[in-house]
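Each chain, written out:
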Amino acid sequence: MGGRRVPSDLKLAAQFPTQPWRRVVGPAGVPIAVFRLGEGPPVVLVHGTTSDHTTWRVVAPMLASRFELFAVDRRGRGASGDGPASIADGYRMEDEYDDLAAVVEAVADERGGPVDVVGHSFGGRCGLGAAERTPALRRLVVYEGAPARSGERFERADLVTELERRVRAGDRAGALEWFMRVVVGMDDAAIAAFRADPVWPARVAAAHTIPRELAAADVDLPARFAGVRQPILLLVGGESRAVFRAGSGELAALLANGSLAVIDGARHGAHHTHPAAFVGAVADFLASGPL
């Protein structure tokens, strides 16, 4: 990932509790762990592919000074349960959408009103699906989680096949490294640093979820979400892959209350590389617009 490096002390400045605030069970019966941090208006944080709630560790100190954060572990990782292991076994995007809608409604019930959602990549797509399902979701920030533009795909089919092969062979570490090299663009030095990071074992443990999420991400088209009425900010990195920028632009034009903003110099991981710009864009959006 390109952009400014974040000091290691900032990465460790805020830690989510080791135990979830609660586990929310949606229609599919999978318990989804939710971790709470901070004080203020409630905001649900939704991570992307390969990650869990700890992906927010860089921006959490800044967000938690303004908001009460409810960070989820999506199905198949961290402290959450899981359902079908693959698309062939019955894994569906719709269940991810239902999971998040259930979390949003649980937080809204607890706090007595609608809540905002911030999603990175695949987590942003889950936010769009949840917005279809519940009025308890008030505003939504989607960082590069929009569907690919009509006629385009995020990844080649052979990439998903190779990831599935490695997972079936029991090489989850190899699958994760392959994804980080081919999709994210990490070089040898970045891979070595990632392997030394304390989050590496957790990312390896969830590597079986990568191929199913990559395959499922190409199911929706931008027009799928054209009827969503909540205010939505679509964020993209100025140096990100064209497929992310194009899909976000198409969706922004379709939405009744959609807007598009660019974080200059960022790529797909702006919440790590450009935390001040990311938090500023999120906070400004959540403080404005109709309720």
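Worth saying up front: this structure is predicted, and the values here are computed from it rather than measured. (Residues numbered from 1 in each chain as written. Predicted model: local features only at pLDDT ≥ 70, side-chain atom pairs only at ≥ 80, totals over all residues. Heavy atoms only, no water.)

## Thoughts on helix α4 (residues 122-133)
Counted at 1.5 Å a residue, the expected span for α4 with its 12 residues is 16 Å, and the 17 Å between its end C-alpha atoms agrees. With respect to burial, α4 is a largely interior element, 10 of its 12 residues being buried. Those residues of α4 that fall on the buried side of the exposure criterion are F122, G123, G124, R125, C126, G127, L128, G129, A130 and A131. (Helix = DSSP H or I, 4+ residues; strand = E, 2+ residues; numbered from the N terminus. Expected span 1.5 Å × (residues − 1). Buried < 20%, exposed > 50% of the residue type's maximum accessible area, 1.4 Å probe, protein only.)

## Thoughts on the environment of V183
Relative to the helices and strands, V183 resides in helix α6 (residues 172-184). Sequence separation between V183 and F154 is 29 residues; the distance between their C-alpha atoms is 9.3 Å. When neighbours within four sequence positions are excluded, V183 is seen to be in contact with E155, L159, W178 and R241. (Contact = heavy atoms within 4.5 Å.)

## Section: unusual backbone geometry
Even without being a glycine, T50 presents a positive backbone phi close to 80°. Here T50 lies in the loop between β3 (42-46) and α2 (60-63). Judged by its relative accessible area of 5%, T50 falls in the buried class. Residues other than glycine seldom take positive phi values, yet E144 does so here, at roughly 50°. As for its position among the elements, E144 is in the loop between β6 (137-143) and α5 (157-168). What makes E144 buried here is its relative accessible area of 2%.

As far as function goes, none of this settles anything; it's purely spatial.
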